Amino acid sequence: MCNPEEAALLRLEEVFSATLARVNSYVLQPLLPAAPEPSDPWGRECLRLLQQLHKSSQQLWEVTEESLHSLQERLRHPDSTGLESLLLLRDADRVLQAHIEYIESYTSCMVVQAFQKAAKRRSEYWRGQRKALRQLLSGVSSEGSVGASPGQALHQPLTHHVQQYVLLLLSLGDTIGEHHPTQELVVNAVTLFGNLQSFMKQALDQAAATQALWHTLRGRPRDVLCTPAHRLLQDSQDVPVTVAPLRAERVLLFDDALVLLQGHNVHTFDLKLVWVDPEQDGCTFHLLTPEEQFSFCAKDSQGQAVWQWKVTQAVRQVLRGKKDFPVLGAGLEPSQPPACRCAEYTFRAEGRLCQATYEGEWCRARPHGKGTLKWPDGRNHVGNFCQGLEHGFGIRLLPQASEDRFDCYKCHWREGSMCGYGICEYSTDEVYKGYFQEGLRHGFGVLESGPQAPQPFRYTGHWERGQRSGYGIEEDSDRGERYIGMWQAGQRHGPGVVVTQAGVCYQGTFQADKTVGPGILLSEDDSLYEGTFTRDLTLMGKGKVTFPNGFTLEGSFGSGAGRGLHTQGVLDTAALPPDPSSTCKRQLGVGAFPVESRWQGVYRPFRDFVCAGCPRDLQEALLGFDVQSSRELRRSQDYLCCERTHPEDSVGSMEDILEELLQHREPKALQPYLRKALSNSLHPLGKLLRTLMLTFQATYAGVGANKHLQELAQEEVKQHARELWAAYRGLLRVALQRKGQTLEEDEDTETRDLQVHGLVLPLMLPSFYSELFTLYLLLHEREDSFYSQGIANLSLFPDTQLLEFLDVQKHLWPLKDLTLTSNQRYSLVRDKCFLSATECLQKIIIQHLGAEIHLIRDMMDPNHTGGLYDFLLTALESCYEHIQKEDMRLHRLPGHWHSRELW
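The model shown is predicted, which means the values in this text are computed figures rather than measured ones.

### Thoughts on the sheet that holds strand 5 (residues 265-270)
For sheets, the rule is that strands pair by backbone hydrogen bonds, running either parallel or antiparallel. Taken in spatial order, the four strands line up as 1-3-4-5 in an open sheet, and their pairing is antiparallel. Of all the strands in the sheet, just strand 1 (232-235) and strand 5 have a single pairing partner and so form its edges. The average angle at which neighbouring strand axes cross in this sheet is 20 degrees, direction not considered. In this structure, strand 1 lies alongside strand 3 (residues 250-254), joined through three bridges in antiparallel fashion. Directly across from Q234, in strand 3, lies its bridge partner L253. Running over the sheet, helix 9 (residues 183-216) touches strand 1 and strand 3 and is turned about 55 degrees from strand 1.

Pasting the structure below:
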């Protein structure tokens, strides 16, 4: 059985539907002009607004008809159709939205006086329709203006209809009782339409205030501000307020902007980018914008509270993206707008950001978080910001004069400038990977020319304020030489070594990129020159040449066009042949570049990272990052996207790394842990090792594979091992500190060396072995050739002569059994040294054995000195040296054998 309220709702919907139809026919249709469309911009805008209102009216009528249909069904079939089937109850939000869209379209027309402007074109028609309008409206004065009646006809029926909705729904709720299944739906509908009443009243009041505002403005302010979207929330003429430092004559707060008027100047501030400072000073409060800060001072605390509250709620509302419902600031949490938000803004003030557009995250009127900066000249920056400055990882594109060419900086930034690790790809195809400070290359870095450069080069070393400075390696592919040494202000300056592709080595002093003073030159045939040179290492001035055979030539050297090298001096042929180690094995660079200070630019960022407590935000900046080269993307703005591998992607967070480190402190677990860490290029220890490998290859691979650099490389590997152990200890100290513990006292030198040689060096040596062993191989090439020839000769010896050569005592010789089989002979002499001697000989037939022996000796753990390994290596060294001298021994044996007579 139906309630009387349902029947009343049915009649209400019937009346409202009919009213909407008549309003559409008598009011809206006549307001829409026939073709042609208005030619002026304002006319076209009014037409658009009226068309939108017509569309909203049609949608409202359709919803009303659907609601009417649901009521009719309910009244026809009360037993089978429940109360919850009514559209007003089951879909109240949809009915509400149709009403809201209509009232918003209506108030937009009202703000710009679209009804009055449209009615003026047909004023005679509206005078004739006054009687028909009176039937639709109550209280329409015959004295009213021509445009007032259409406007009233478009909103008064709606206002009355919503009011009746609320009354009837309240009565319905009382009738069915609080325990009825649909009681909750009825209460919800009452609340919604009650709120709609408040919303409509506020919307109409704001529209009326905004419409009235335009009459008080003239000239440019009116032209700029008069738009259908604006709704006036507060005017300083109603509640006085002064603004400093701008000294505005009038302050207007709209629902989307704050406007300060100064004569004909209009200063507009988007509310999305206005922050209200929560702190206040008496009757004053402060506003922050991206480029300015303002103080608003009211006459009293009440005025200050009104302005501060309305600005705060207007900012919060615009950030939500829709109007507060039912009224501004009603019942919404939080009541304060967020300090951090996303917005777009173009800077106007002079400075580095002038005309730049920032789009991204903000905090308290400053770019803060992720964002993008774009300048009109094509510069782009995408990355992280902090308090208005580039801070953290970011990518900067700088357009160059040539079309579609950019310099691209993928770097870490600090307070607006590059600081930390970065990768820079230049329009010239040069690439720099290394560290920056205050926007300049500073610390360790690698600069390499493009593959097609006319003069290809690669510099690996240290930088200071954008210039090469300190220890560094430069490879000049065009000249076929490599410089290893000191730099200053971008030039070779100080001690240095030059190695050429032809095997020539020079060591001397450089000043302003030129050789100065005496130096030494070693040629590939081991000739040695000591004296002065030209820049291209041509002998010039006084000097002395020592030839491999011991002859010396001392005098003055020079060269001229077409004359080649010429000299005046004394040739001494009486000198004895020099010791091979004096020239062939002479080592360069030792002592000139202290190994402890050679690669400080690589070690220092790691130390800084550890000293800072291994913070996550500095991990990439100090330890570097992995990123694929994207040169092919330079021709488009898509290059602003950078796929880089973060260390946490494969090795976990720094917290996980430190926790795992603590779990593997015991000696048995430590070695496997270090092996795993060093093999992972994203682990801090593995990343440090990869960088050290890069410097080692840049120095000693290719042109740098020269025997005269062996000792330089050997001491460098040992220093790297010490630094890696110190790095591990640093990480361990941080891990313990995070647990509230402390690392035991600093290690003494003996304990440290034990760990370095016994633990770290064996794990890291394979990473340097290829280049290092090549140097040993070249250095000991002569001895290894003698050894190989000795082995070849010994393989031709008969048993007895081999025994004699090996100095086996004759009473152990099995002469009577020489015709026995191998197995028979073995059984006879198993306890004698002959077997061990011959087996030993077979085992030491190793190519380049001398290089291997010296490498093992140099890298051996000092803890093994005097032990078993030392004894075995000494025995092997003795055999090696003994076999080298095989030819000399053969000549001293009685009855010297000819090779044809050996068998």
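Let us keep going from here.
### A short note on the packing of aromatic side chains
Each aromatic ring pair is described using two quantities: the centre-to-centre distance and the angle formed by the ring planes. Applying the stated rule across the entire model yields 33 aromatic pairs. Ring centres of F199 and F325 lie 5.6 Å apart, and the angle between their planes is 40 degrees; this geometry places the pair in the tilted category. Note that F199 is positioned in helix 9 and F325 in the loop between helix 11 (301-320) and strand 9 (340-346), a separation of 126 residues in sequence. Judged by relative accessible area, which is 24%, F325 ranks as partly exposed. Look at Y471 and W599: their rings are 5.1 Å apart centre to centre, the planes differ by 80 degrees, and that puts the pair in the edge-to-face class. Here W599 lies in the loop between helix 13 (595-598) and helix 14 (600-611) and Y471 lies in strand 19 (residues 467-476), a separation of 128 residues in the sequence. The pair formed by Y471 and W599 is uniform in burial state, with each residue classed as buried. Three or more aromatic residues link up through ring pairs in this structure, and these residues are Y432, F436, Y459, W463, Y483, W487, Y506, F510, Y529, F533 and F557. The aromatic ring of W463 is capped on one face by R441, whose charged end is 5.0 Å from the ring centroid. When the ring centre of W487 is taken as reference, the NZ or CZ atom of R468 above it lies at 5.2 Å.

### Description of the pattern of salt bridges
It is possible for side chains of opposite charge to pair when their charged atoms get near one another. Within this structure, the stated rule accounts for 32 salt bridges. With its nearest N and O atoms 3.5 Å apart, the salt bridge here joins R465 to E438. Here E438 lies in the loop between strand 16 (431-437) and strand 17 (440-448) and R465 lies in the loop between strand 18 (457-464) and strand 19, a separation of 27 residues in the sequence. Residue R598 pairs with E715 through a salt bridge whose shortest N-O separation is 2.5 Å. Separated by 117 residues along the polypeptide, R598 in helix 13 and E715 in helix 20 (residues 710-738) bring together distant segments of the chain. A single network of salt bridges, built from pairs that share partners, joins E66, D91 and R94.

### Some words on the environment of M486
Looking at the secondary structure, you find M486 in strand 20 (residues 481-488). In this structure M486 comes out as partly exposed when scored by relative accessible area, which is 26%. The spacing of M486 and F593 is 107 residues in sequence and 8.3 Å in space, taken between C-alpha atoms. In contact with M486, not counting residues within four places along its chain, are G470, Y471, Q491, R492, H493, G494, P495 and F593.

### Re the sheet that holds strand 2 (residues 241-244)
Pairing in this open sheet of four strands is antiparallel, and the strands run 2-8-7-6 from one edge to the other. Both outer strands of the open sheet, strand 2 and strand 6 (275-281), are each paired with one neighbouring strand and no more. Adjacent strand axes in the sheet meet at a mean angle of 25 degrees when their direction is disregarded. The pairing of strand 2 with strand 8 (residues 293-298) spans four bridges and is antiparallel.

### Notes on the environment of A713
Its place among the elements puts A713 in helix 20. You can call A713 buried: its relative accessible area is 0%. For A713 and Y700, which are 13 residues apart along the polypeptide, the C-alpha to C-alpha distance reads 7.4 Å. Setting aside anything within four residues of it in sequence, one finds A713 in contact with F696, Y700, L772 and L775.

### Thoughts on a nonpolar patch on the surface
A cluster of nonpolar side chains, L868, Y869, F871 and L872, forms an exposed patch at the surface whose accessible area comes to about 480 Å². Position of F871 relative to the elements: it lies in helix 27 (residues 868-884).

### Remarks on helix 19 (residues 684-700)
In this model helix 19 runs 24 Å from its N-terminal to its C-terminal C-alpha over 17 residues, within 8% of the 24 Å that 1.5 Å per residue would give. Counting buried positions along helix 19 yields 13 of 17 residues, so the element is predominantly enclosed. Looking one or two residues beyond helix 19, the residue adopting positive phi is G702, at roughly 65 degrees.

### Some remarks on the packing of helix 26 (residues 849-859) against helix 27
Two numbers describe how helix 26 lies on helix 27: the axes approach to 11 Å, and their chain directions differ by 150 degrees. Taken as axis vectors, helix 26 and helix 27 run roughly antiparallel relative to one another. Between helix 26 and helix 27 lies a crossing whose hand is left-handed. Across the interface between the two elements, L849, G850, I853, I856 and R857 of helix 26 pack against D870, L873, T874, L876, E877 and Y880 of helix 27. When the residues that make up the contact of helix 26 with helix 27 are grouped by side-chain class, the tally is six nonpolar, two polar and three charged.

### Some thoughts on the pairing of strand 22 (residues 505-511)
Judged from the six bridges that link them, strand 21 (residues 491-500) and strand 22 form a sheet pairing that is antiparallel. Pairing of V497 across the sheet is with Q507, part of strand 22. Connecting strand 21 to the next strand, strand 22, in antiparallel fashion are four residues, including G503 with a positive phi near 90 degrees. Of the strand pairs in this sheet, strand 22 and strand 23 (residues 514-522) are connected by six bridges, and their pairing is antiparallel. Within strand 23, the residue paired with Y506 across the bridge is L521.

### Digging into the pairing of strand 9
For a regular strand, the rule is simple: side chains alternate between the two faces of the sheet. Burial along strand 9 is one-sided: the residues R341, A343 and Y345 are buried and none of C340, C342, E344 and T346 is. With seven bridges joining them, strand 9 and strand 10 (residues 357-363) adopt antiparallel strand pairing. Paired with Y345 across the two strands is Y358, which belongs to strand 10.

### What to know about the confidence of the model for the protein
Scored by pLDDT, the protein comes out at a mean of 85, with 85% of its residues at no less than 70. The low-confidence segment residues 829-833 (pLDDT under 50) makes five contacts with residues lying over four places distant or belonging to another chain. Predicted confidence is poor over residues 890-903, with pLDDT under 50, and the contacts of this stretch with residues over four places away or in other chains come to 16 contacts.

### Here's the deal with the side chain of T107
With respect to the helices and strands, the residue T107 is situated in helix 4 (residues 92-111). Once residues within four sequence positions are removed from consideration, T107 is found in contact with A203, L204, A207 and R231.

### Concerning the nonpolar core
Judged by nonpolar contacts, the single largest core of 80 residues is most densely connected at L674, L685, V717, M764 and L772. Among the elements that line this core, the one with the most residues is helix 20, at 13 residues. Setting aside chain neighbours within four positions, we find V717 in contact with F696, L761, M764, L765, F768, L772 and M859. Ranked by size, the runner-up nonpolar core spans 69 residues in total, among them L50, A114, F115 and L204.

### Here's the deal with the environment of R857
Among the structural elements, R857 can be located in helix 26. Residue classification places R857 among the partly exposed positions, given a relative accessible area of 27%. For the pair R857 and E877, spaced 20 residues apart in sequence, the C-alpha separation works out to 9.7 Å. When neighbours within four sequence positions are excluded, R857 is seen to be in contact with D870, L873, T874 and E877.

### A few points about unusual backbone geometry
The omega angle of the peptide bond from A244 to P245 is 5 degrees, so this bond is cis rather than trans. Tracing the backbone through its elements, the reader meets P245 in the loop between strand 2 and strand 3. At the junction of F325 and P326, the peptide bond is cis and its omega measures out at 10 degrees in the coordinates. Its place among the elements puts P326 in the loop between helix 11 and strand 9. Within the chain, Q355 stands out as a residue other than glycine whose phi angle is a positive 70 degrees. Residue position: Q355 is located in the loop between strand 9 and strand 10. You can call Q355 partly exposed: its relative accessible area is 43%. In this structure, D513 takes a positive phi of about 75 degrees despite not being glycine. Mapped onto the elements, D513 comes out in the loop between strand 22 and strand 23. Owing to a relative accessible area of 22%, D513 belongs among the partly exposed residues under this scheme.

Cut-offs applied
- Sequence order as written defines residue numbering, which begins from 1 separately in each chain.
- With pLDDT at 70 or above as the cut-off, local features in this predicted model cover only qualifying residues; side-chain atom pairs require 80 or more to be listed or tallied, and sums for whole chains, interfaces and linings still use all residues.
- Only heavy atoms go into the side-chain values, all of them from the structure, while hydrogens and water stay out.
- Only strands joined by at least two bridges in the DSSP assignment are considered to pair.
- Per the convention used, a helix needs a DSSP run of H or I reaching at least four residues, while a strand needs a run of E reaching at least two, with both numbered from the N terminus.
- Axis definition: a line fitted to C-alpha atoms, over the contacting stretch in the case of helices. Angles run 0 to 180 degrees between N-to-C directions.
- Whether two residues are in contact is decided by their heavy atoms, any of which lying within 4.5 Å being enough.
- Ring geometry is summarised as follows: Phe, Tyr and Trp rings, the Trp one being its six-membered ring, pair when their centres sit within 6.5 Å, and such pairs are stacked at plane angles under 30 degrees, edge-to-face over 60 and tilted between the two.
- When a residue's accessible area, from a 1.4 Å probe over protein chains only, is under 20% of the maximum for its type it is buried; when over 50% it is exposed; and in between it is partly exposed.
- Only lysine NZ and arginine CZ atoms are considered, and such an atom sits over a ring when it is within 6 Å of the ring centre and within 35 degrees of the ring normal.
- By convention in these notes, a salt bridge is any Lys or Arg side-chain nitrogen within 4 Å of a carboxyl oxygen on Asp or Glu.
- Any residue with relative accessible area above 30% and no salt bridge may belong to a patch, with like charges joined within 9 Å and the nonpolar Val, Leu, Ile, Met, Phe, Trp and Tyr side chains within 5 Å.
- Accessible surface is estimated by sampling points in the Shrake-Rupley manner with a 1.4 Å probe; for residues, cover comes only from the protein chains shown.
- An expected span of 1.5 Å times one less than the residue number is assigned to each helix.
- Convention used here: angles under 35 degrees read as roughly parallel, angles over 145 as roughly antiparallel, angles from 65 to 115 as roughly perpendicular, and any remaining angle as oblique.
- Left-handed is the label given to a crossing in which the near helix is rotated counterclockwise from the far helix by less than a right angle, and right-handed is the label when the rotation is clockwise.
- Charged means Asp, Glu, Lys or Arg here, nonpolar means Ala, Val, Leu, Ile, Met, Phe, Trp, Tyr, Cys or Pro, and polar covers whatever is left, Gly included.
- What pLDDT expresses is the predictor's confidence in each residue, scored from 0 to 100.
- Take the buried residues of types Ala, Val, Leu, Ile, Met, Phe, Trp, Tyr and Cys, join any two whose side-chain atoms come within 4.5 Å, and each joined set is a nonpolar core.

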